[in-house]
Amino acid sequence: MTEAWEASVEAKIQDAVQRGEFDDLPGMGKPIPGRGAPYDEAWWIKSFLEREALPSDLLLPTSLQLRRRVEQVPDEVRDLPTEQSVRDFVGQLNTQIVAWLRFPDDGPRVAVRPVNTEDVIRRWRAERDRPEVTATATEPVTAVHPPRRPRRGWWQRWRRRRG
């Protein structure tokens, strides 16, 4: 049974070769990617993420994804135009966090708490109100404190007293 199946598959392949269906395939004549590199069990996941231009964060468990998003909140809200858009962004993130807290997955237990909206708004306002500081090359740089003399260690003071 198996031999008959293999023979029919081989016959179809030979017919396709004779018709030229395997000519001009993409990658023909090019080396096989990854050949000679050490074996990696997750090669297909890495190649999929690279081919589809997806971030590698998608492989992380939900708790770590949420933790990373909480850390990136100041960068993500920096360019939002209105206070309401910042509140909406933080509200959506907090909804996801609360949903995960109610039904955590099997991933690692990482402490993730909802984001304080008022703190984020306060920082967002402070960054918007802060004027842009640009230093030009012609402005002299002045030190706030004069340079200090290096301190001597206790052993040097002790040795000086004894000797």
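Residues numbered from 1 in each chain as written. Predicted model: local features only at pLDDT ≥ 70, side-chain atom pairs only at ≥ 80, totals over all residues. Heavy atoms only, no water.

**Considering the overall build of the chain**
- Helix and strand counts for the chain stand at seven helices and zero strands.
- When its helices and strands are written in sequence order, the chain yields α-α-α-α-α-α-α.
- The 163 residues of the chain split such that 13% are buried.
- Put simply, 56% of the contacts in the chain that link residues at least 6 apart link residues at least 24 apart. (Helix = DSSP H or I, 4+ residues; strand = E, 2+ residues; numbered from the N terminus. Buried < 20%, exposed > 50% of the residue type's maximum accessible area, 1.4 Å probe, protein only. Contact = heavy atoms within 4.5 Å.)

**Section: the pattern of salt bridges**
- A complete count under the given rule lists ten salt bridges for this structure.
- The partner of Asp57 in a salt bridge is Arg68, with the nearest N and O atoms 2.4 Å apart. One end of the pair, Asp57, is in the loop between α2 (43-52) and α3 (62-71); the other, Arg68, is in helix α3, with eleven residues separating them in the sequence.
- For Arg78, the salt bridge identified is with Asp75, shortest N-O distance 3.1 Å.
- Judged by its relative accessible area of 37%, Arg78 is partly exposed.
- A network of salt bridges, in which partner residues are shared, links Glu83, Arg87, Glu118 and Arg125. (Salt bridge = Lys/Arg side-chain N within 4 Å of Asp/Glu carboxyl O.)

**Quick word on the packing of α3 against helix α5 (residues 83-102)**
- For the pair α3 and α5, interaxial distance at closest approach is 11 Å and the crossing angle is 155°. Looking at the two axes, α3 sits roughly antiparallel to α5. α5 is crossed by α3, and the crossing has left-handed handedness. Each of Thr62, Ser63, Leu66, Arg69 and Val70 in α3 lies in contact with α5, whose residues at this interface are Phe89, Leu93, Gln96, Ile97 and Trp100.
- Of the residues assigned to the contact of α3 with α5, the class counts are six nonpolar, three polar and one charged. (Axes fitted to C-alpha atoms, helices over the stretch in contact; angles between N-to-C directions. Parallel < 35°, antiparallel > 145°, perpendicular 65-115°, else oblique. Left-handed = near helix turned anticlockwise from the far one by under 90°. Nonpolar A, V, L, I, M, F, W, Y, C, P; charged D, E, K, R; others polar.)

**Considering the side chain of Ser63**
- With respect to the helices and strands, Ser63 occurs in helix α3.
- Setting aside chain neighbours within four positions, we find Ser63 in contact with Trp100, Pro108, Val110 and Val112.

**A closer look at empty space enclosed by the protein**
- All chains considered together, the criterion is met by one cavity of 30 Å³ or more.
- In this model, the largest cavity occupies a volume close to 70 Å³.
- Lining of the largest cavity is provided by Pro74, Val77, Arg78, Val120, Arg123, Trp124 and Glu127.
- Secondary structure elements with two or more residues in the lining of the largest cavity: α4 (73-77) and α6 (117-129).
- Broken down by element, the residue count for the lining of the largest cavity peaks at four residues, all from α6.
- Of the residues assigned to the lining of the largest cavity, the class counts are four nonpolar, no polar and three charged. (1 Å grid on protein atoms, 1.4 Å probe; cavity = no way out; pocket = protein on both sides within 12 Å on 5 of 7 lines; lining within 4 Å. Points joined across faces, edges and corners; volume = space filled by probe spheres on them.)

**Considering the confidence of the model for the chain**
- Overall, the predicted model of the chain reaches an average pLDDT of 82, with 80% of residues at or above 70.
- Here helix α7 (residues 154-162) is the element of the chain with the lowest mean pLDDT, 59, and α5 is the one with the highest, 94. (pLDDT = per-residue confidence, 0-100.)

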